[in-house]
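# Observations on chain architecture
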Amino acid sequence: MAGISLNQVMQLPALRDARVVAGRDGMGRHVHSVNVMEVPDVEAFVRTGDLLVTTAYPVHHDPSILVRLVKYFHVRGLAALAIKKGRYLEHWPEGLLEVCNNLGFPLIELGDNLSFDEVIGEVMAVVLSEYGPEPSRADAIRQQLTEVALSGGGLEDIALTLADALLSRVNIVDLEGKTLAVADAESVRNAPEGVPDYEYVESFEITVASLRKGYIKVFAAGPLTIGQKRLVQQACFASGMHIAQQQATIAVNERLRALALEEIVRGTDGGESRHQHLFDWPLEKLDTVVAISNAKALPDETVVRKMWGRSALAWLRGEDVMLLCNRQEIGRPIGEVSLEFSKLYSHDVRVGVGDAVDEPLQLVHSHSTALEALRIARLTNQKVGIYEELELELLLLSLGSVRVDRFIDRNIGPLITYDHNNKGALVNTLREVLSCRNGREAAERLFIHYNTLKYRLEQIRDLLGEDWDNPDFHAGLVVAIQLQELRD
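Calculation criteria
- Residues numbered from 1 in each chain as written.
- Predicted model: local features only at pLDDT ≥ 70, side-chain atom pairs only at ≥ 80, totals over all residues.
- Heavy atoms only, no water.
- Core = buried A, V, L, I, M, F, W, Y, C linked by side-chain atoms within 4.5 Å.
- Buried < 20%, exposed > 50% of the residue type's maximum accessible area, 1.4 Å probe, protein only.
- Helix = DSSP H or I, 4+ residues; strand = E, 2+ residues; numbered from the N terminus.
- Contact = heavy atoms within 4.5 Å.
- Phe/Tyr/Trp six-rings, centres within 6.5 Å; stacked < 30°, edge-to-face > 60°.
- Lys NZ or Arg CZ within 6 Å of the ring centre and 35° of its normal.
- Expected span 1.5 Å × (residues − 1).
- Axes fitted to C-alpha atoms, helices over the stretch in contact; angles between N-to-C directions.
- Parallel < 35°, antiparallel > 145°, perpendicular 65-115°, else oblique.
- Nonpolar A, V, L, I, M, F, W, Y, C, P; charged D, E, K, R; others polar.
- Pairing = 2+ DSSP bridges.
- Right-handed = clockwise from strand over helix to strand, strands pointing away.

## Remarks on the nonpolar core
Counting residues in hydrophobic clusters, the biggest one holds 28 residues, and the most contacted among them are Val-9, Leu-51, Val-53, Ile-108, Leu-110 and Val-123. Those elements that provide at least two residues to this core are α1 (6-9), β4 (33-36), β5 (50-54), β6 (80-83), α4 (116-128) and α8 (226-266). Broken down by element, the residue count for this core peaks at five residues, all from α4. Sequence-distant contacts of Leu-51, defined by excluding residues within four places in its chain, comprise Leu-6, Val-9, Val-31, Ser-33, Val-34, Asn-35, Ala-79, Ala-80, Ala-82 and Val-123. Leu-166, Ile-172, Ala-181 and Ala-183 belong to the second-largest nonpolar core, a separate cluster that totals 27 residues.

In structure tokens form, the structure reads like this:
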């Protein structure tokens, strides 16, 4: 593979503001392709003959790493490293220029206004033009493939263009082998006898920012020539551009969608009508906000709608998942579906369910009550907190801290002191006994022998005094234990 020299690359219009800052002895090196370094483990993706362009973002935390990387790139046979300074790299790290000069490894400083797409497009256009005239109309085909990607054409257009150029079948697939686009040459499409048997299959990687995204598979009657392979590589580049555009569009839409939903539940949208117009959301049907903490990722949309109703909307807020749903669409108790939803995650999550409201403008209230229910669920170690079912907890939390401390100390203070001094579990034992009102069941919950439970109850009776046997006193104990959990 011949490629073009770095001296030729530096003459391209896209690099008019670039300059070689070190390693000039290596300017005769040949460039076979352009790669982008914006991931931390780029070593695994670089290839011989790469012109590697970057903003230095992967090493912004420690620019000195560049010294080690340059040595590695030199051994791997890369053509040069081109860095766009400013945003993530203000100064060349100590020793970098010296290493580049000693190795004869070119280090290029790119202009502030340079676009990576311009560099990639111009360099690859020149590189690909070096691969001979076959197949016929090669330059026109390369230009057509690039224009398809730049104009927003789909993978189907790329596959069709390449299939006609190679007189072959072209299949574009994702990493799992799922077909994204397939096309046969025009002569095959119009042939009455149907698709011929292809004897040869060759596969080419589609990469985006050094990450593999899929493959172009070419089914041909015979081995591909060098010129034909270069056309496939151009199609891979065009496919990568298309996929990158799709990813960027999806990312922008997701951010806008999440921002709009945040404005609705926080009451900063100035009215819901503009969001209904932009996203066609059935806001009039949605009556409840649900917050799931520590979820870290959104479930599939089909899962969300199957569990929370066909009108449900979900988005990420940091590591939390937020939901808008209609309780009637769920078709079962919301606490039940909340618990089931929490089990979709392998790690520990908590769910807070807000009040149901009558109209979209009241979703602000449902949002605030969902966050409060989530807070109480965390405090009381519950998987699910439903706001309208937390009246006692809300009442207890409204009490002043001095009054709360005095009430706890008067009712279970001796047990807390004993547990602290003896690493005991009397408060927990009392909680289970009062909860189930059955000694043997309480022992099973505590994973202790029934005799051990009876011994602990004797200790509790001794510490709390004669009032322990009074059923009315038990109500105060229950409240004191809950207050302690909320306080702690």
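Text resumes after the structure shown.
## Some remarks on the packing of aromatic side chains
According to the stated counting rule, one finds four aromatic pairs in the structure shown. Members of the aromatic cluster, each reached through a chain of ring pairs, are Trp-308, Phe-341 and Tyr-345. Here the guanidinium or amino end of Arg-440 rests over the ring plane of Tyr-450, the centre of that ring lying 4.1 Å away.

## Considerations on helix α13 (residues 363-379)
The end-to-end C-alpha distance of α13 is 24 Å, a good match for the 24 Å that 17 residues give at a rise of 1.5 Å each. Every buried residue of α13 is accounted for by Leu-363, Ser-366, His-367, Thr-369, Ala-370, Ala-373, Leu-374, Ile-376 and Ala-377. At the exit of α13 stands Asn-381, carrying a positive phi of roughly 60 degrees.

## Details of the packing of helix α16 (residues 426-436) against helix α18 (residues 450-464)
Taken N-terminus to C-terminus, the directions of α16 and α18 make an angle of 105 degrees; their axes are 10 Å apart at the nearest point. In terms of orientation, α16 lies roughly perpendicular with respect to α18. Residues Leu-426, Thr-429, Leu-430 and Val-433 of α16 form the contact with α18, whose participating residues are Leu-453, Arg-456, Leu-457, Gln-459, Ile-460 and Leu-463. Partitioning the contact of α16 with α18 into residue classes produces seven nonpolar, two polar and one charged.

## With respect to the pairing of strand β15 (residues 350-353)
Where burial is concerned, the two faces of β15 agree: the one with Arg-350 and Gly-352 and the one with Val-351 and Val-353 are both buried. Inspection of the sheet shows strand β12 (residues 288-293) paired to β15 by four bridges, in the antiparallel sense. Paired with Ile-292 across the strands is Val-351, a residue of β15. As paired strands, β15 and strand β16 (residues 384-386) are joined by three bridges and run parallel to one another. Residue pairing for β16: Val-351 is matched across the bridge by Val-384. Where the polypeptide runs from β15 across α13 and back to β16, its parallel neighbour, the crossover connection is left-handed.

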